[in-house]
Amino acid sequence: MLEKLSSALKRTTDKIANAVFLDKNLVDSVVKDLQRALIEADVNVSLVLEISKKIKQSALDERISGIEKKEHIIKLLHDELLSILGGKKEIQLKKKNTFMFVGLYGAGKTTTITKLASYYSKRGHSVCAIGLDVHRPAAPEQLKQACDKINIPVFILPEEKDPKRIWNTYKEQLKKYEIILVDTAGRDALSQDLIKEIKSLSLLIKPSETFLVMSADIGQSAKAQAQAFKSSASVSGVIITKMDSTAKAGGALTACSEIKVPVVFIGVGEKPSDLESFDPESFLSRLLGLGDLKTLMEKIHSVVDKKQIESQQARLAEGKFTLRDLQTQLESMESLGSMDKIMSMIPGLGNAKEKISESQLEAQQERVKRWKYSIGSMTPYEKENPEILEKQTSRIQRIAHGSGTSTTEIRSLLKQYKMLKEMIKSQTNISEKGLDQKTMMKLAKKFGRKMKF
Ligand code: GDP
Ligand code: MG
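Everything numeric in this text was worked out from a predicted model, so none of it was measured.

Quick look at the site of ligand 1
- The environment of ligand 1 is formed by 18 residues, the closest being G106, K109, T111, R136 and E270.
- Here T110 contributes a side-chain N or O atom positioned 2.8 Å from an oxygen atom of ligand 1.
- At a separation of 3.4 Å, an oxygen atom of ligand 1 approaches a polar backbone atom of G267.
- Protein coverage of the free-state accessible area of ligand 1, which is 590 Å², stands at 82%.
- Per element, the largest residue contribution to the shell around ligand 1 is 4 residues, and it comes from helix α5 (residues 109-122).
- Grouping the amino acids of the shell around ligand 1 by side-chain chemistry returns 4 nonpolar, 8 polar and 6 charged.

Set out below in structure tokens:
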């Protein structure tokens, strides 16, 4: 069910959660992915654009920074998606309930009645069904067979062509049941004839709920259909069927929310048990692949150690950048995953990624690994005071030997380190303000460009 959308949404939240800096390129690419996925799921383009705009605005909002910004954006995405899915309507059972099912041919009315009958009878309610589809000859028999299978009493009059007469015939017998499920006839399209029939049945039956049954594969046209049924037959809720067999379900779901008719159940297969009550919140959590929003926030925090970043930013703000800082940086890169992932997290490298080949990427990955070994073979004093290494060749030889690298590599590492340090010095405004997100991004970009592959 909406697998493609689900995996795209998971990718989006992962990308945001894993990003070290939320720069414009990253936000643009995340928003683009999101747009594509939502449009593929048939969500209305103007809704998609609205969500995109809000996300971009908040991503570039300078007042929110760092981890708070990620939380903010993911929460925003969550809330926006929730709002297009609509509110939750729970069916409150009364002492006596009559549910009338309306909809076009093949929408899934009869199948859904079987599902609901099974759902409620399993929960201990007395349920029955009555067949008022007088237009298709096989309809009463279809309802009977389906109900027989799950031992639900069913009332039909196969030869009768007037649905009101069928109702009146069984009126007294129906009173025994807590829940009466009324199957009605559809048409190929919403015709005046159908509206008239539904209206007059409504007056007679006085249903406690009128459910419009629509198939998810009609996508966004669900909006016009729901609107028409709503205004002519006072629909109290929608049931979207065949959620399991289309990628367009986003269209049908969001269309109903747009015209404010709540989706109450969704059909997810042909079996009697393939029915779910529709709860937008948990539906969305499942799409996003999360237990709840809290889990998501925990995920963000586990990826980036806030304290570590803060202490490093503070050191950088003072113009301090030693090999130990570089080591921390490289280690945090490692803990964040593969090089591929790292590349996309560092703005400068992320841009460069498209221009470099797989083998170059591997070479770079290898190089970072060797840097780490090299720094690992240094003494704490050397890490804090890298300048002594340049003066003492013997130290370089020892480190190369200890880390299984070469003196050339150590020198290259020192060169890169010096370059980084220079950049930090030149860019850093050593004021009480500290190093802000913008400066960090500029630095990372410059580093990315200067890095030789
Ligand atoms: P009606 O004309 O509105 O009564 O529609 P039916 O109940 O006869 O259903 C039409 C077809 O849709 C049947 O073949 C059902 O098996 C199928 N169908 C109904 N609901 C679902 C669903 O949730 N998933 C799938 N895959 N098929 C469904
Ligand atoms: Mg039917």
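A look at unusual backbone geometry
- Here N151, not a glycine, exhibits a phi torsion of approximately 55 degrees, which is positive.
- Structurally, N151 can be placed in the loop between α6 (139-149) and β3 (154-155).
- Within the chain, K260 stands out as a residue other than glycine whose phi angle is a positive 60 degrees.
- Looking at the element boundaries, K260 is found in the loop between α10 (249-258) and β7 (263-267).

Side note on the environment of T241
- One can find T241 in strand β6 (residues 237-241).
- The exposure class assigned to T241 is buried, which follows from its relative accessible area of 4%.
- T241 sits 27 residues away from M214 along the chain, and the two C-alpha atoms are 6.1 Å apart.
- In terms of polar contacts, T241 uses its side chain to reach the backbone carbonyl oxygen of A107, at 2.6 Å.

Quick notes on the packing of helix α2 (residues 24-40) against helix α3 (residues 45-59)
- Running from amino to carboxyl end, α2 crosses α3 at an angle of 160 degrees, the nearest separation of the two axes being 10 Å. On the basis of the axis angle, α2 is roughly antiparallel to α3. Once α2 is placed against α3, the crossing between them reads as right-handed. Contacts from V27, D28, V31, L34, Q35, L38 and I39 of α2 reach α3 at V45, V48, L49, I51, S52, I55, K56 and A59.
- Across the contact of α2 with α3, the residue classes tally to 11 nonpolar, 2 polar and 2 charged.

Focus: the sheet that holds strand β4 (residues 179-184)
- The strand order β3-β2-β4-β1-β5-β6-β7-β8 describes an open sheet built from 8 strands, whose pairing is mixed. Where the open sheet ends on each side, the last strands, each with one partner, are β3 and β8 (275-277).
- Taken together, the 3 bridges between β7 and β8 define a ladder with antiparallel strand orientation. By the bridge assignment, I266 is partnered in β8 with E276.
- Packing against the sheet, α5 makes contact with β1 (97-102), β2 (127-132), β4, β5 (209-215), β6, β7 and β8, and its axis sits at approximately 170 degrees to β4.

Notes on the pairing of β6
- Within β6, 5 of the 5 residues are buried, which leaves the element mostly enclosed by the surrounding structure.
- A two-sided burial pattern is seen for β6, the buried positions comprising G237, I239 and T241 on one face and V238 and I240 on the other.
- Taken together, β5, helix α9 (residues 222-233) and β6 constitute a β-α-β crossover, and its handedness is right-handed.
- The parallel pair β6 and β7 is bridged by α10, and the resulting crossover is right-handed.

Observations regarding helix α20 (residues 393-403)
- Residues of α20 that are buried: I396, I399, A400 and S403. Taken end-on, α20 shows its buried residues confined to a sector of 100 degrees, consistent with a single buried face. In α20, the exposed residues that point more than 90 degrees away from the buried face are H401 and G402.
- In the stretch just after α20, G404 is the one whose phi turns positive, near 70 degrees.

So, the nonpolar core
- Judged by nonpolar contacts, the single largest core of 74 residues is most densely connected at I130, I240, M243, L253, I266 and F283.
- Inspection of this core shows a minimum of three residues originating in each of domain 1 (3-85) and domain 2 (97-287).
- If we ignore the near neighbours within four places in the chain, the residues touching L253 are I84, L85, I240, M243, V263, I266, F278 and F283.
- If you look at the next biggest cluster of nonpolar residues, it comprises 23 residues, including I113, L116, I152 and I179.

With respect to the confidence of the model for the protein
- With 79% of its residues at a pLDDT of 70 or more, the protein shows a mean pLDDT of 82.
- Contacts of residues 428-435 to residues separated by more than four positions or lying in other chains number 12 contacts, the stretch itself having pLDDT below 50.
- Below a pLDDT of 50 lies the segment residues 448-453, which in the model reaches 14 contacts outside its immediate sequence neighbourhood of four places, other chains included.

Describing the packing of helix α7 (residues 163-174) against helix α8 (residues 192-205)
- Where α7 meets α8, the axes come as close as 10 Å, and the angle between the chain directions of the two elements is 15 degrees. Relative to α8, the element α7 lies roughly parallel. Considering how the two elements wind past one another, α7 and α8 form a crossing that is right-handed. In this structure, α7 uses P163, K164, W167 and N168 to contact α8, whose residues at the interface are E197, S200, L201, L204 and I205.
- Class assignment for the residues of the contact of α7 with α8 results in 5 nonpolar, 2 polar and 2 charged.

Definitions and limits used
Sequence order as written defines residue numbering, which begins from 1 separately in each chain. Chains and ligands are labelled sequentially in the order written, the chains with letters from A and the ligands with numbers from 1. Side-chain atom pairs in this predicted model are given and counted only at pLDDT of 80 or more, local residue features only at pLDDT of at least 70, and totals for whole chains, interfaces and linings cover all residues. The basis for every side-chain value is the complete set of heavy atoms in the structure, and neither hydrogens nor water enter the calculation. Note on terminology: near, applied to a residue and a molecule or strand, indicates that one of the residue's heavy atoms is within 4 Å of it. Here a polar contact is taken to be a pair of N or O atoms separated by no more than 3.5 Å, where protein atoms must pair a possible hydrogen donor with a possible acceptor and residues adjacent in sequence count only if both atoms sit in side chains. Areas reported here follow the Shrake-Rupley algorithm with a probe of radius 1.4 Å; residue values treat only the protein chains shown as occluding. Here a helix means four or more residues in a row that DSSP labels H or I, a strand means two or more in a row labelled E, and each is numbered from the N terminus. Each residue receives one of three labels: charged for Asp, Glu, Lys and Arg, nonpolar for Ala, Val, Leu, Ile, Met, Phe, Trp, Tyr, Cys and Pro, and polar for the others, Gly being one of them. Here the term buried applies to any residue with accessible area under 20% of the maximum for its type, exposed to any over 50%, and partly exposed to those in between, with areas from a 1.4 Å probe on protein chains only. With axes taken as lines fitted to C-alpha atoms, and helix axes fitted only over the stretch in contact, angles between N-to-C directions fall between 0 and 180 degrees. Any angle that falls under 35 degrees is termed roughly parallel, while one over 145 is termed roughly antiparallel, one within 65 to 115 roughly perpendicular, and all others oblique. Here a crossing is taken to be left-handed if its near helix is turned anticlockwise relative to the far helix by less than a right angle, and right-handed if that turn runs clockwise. The criterion used for residue contact is that any of the two residues' heavy atoms lie within 4.5 Å. In this description, strands pair whenever DSSP reports at least two bridges between them. Seen with its strands pointing away from the viewer, a crossover is right-handed when the path leading from the first strand over the helix to the second is clockwise. Directions drawn from the helix axis to the C-beta atoms are what define this arc. Note on terminology: a nonpolar core comprises buried Ala, Val, Leu, Ile, Met, Phe, Trp, Tyr and Cys residues joined through side-chain atoms within 4.5 Å. The source of the domain bounds is an automatic or database domain assignment. pLDDT expresses, on a scale from 0 to 100, how confident the predictor is about each individual residue.

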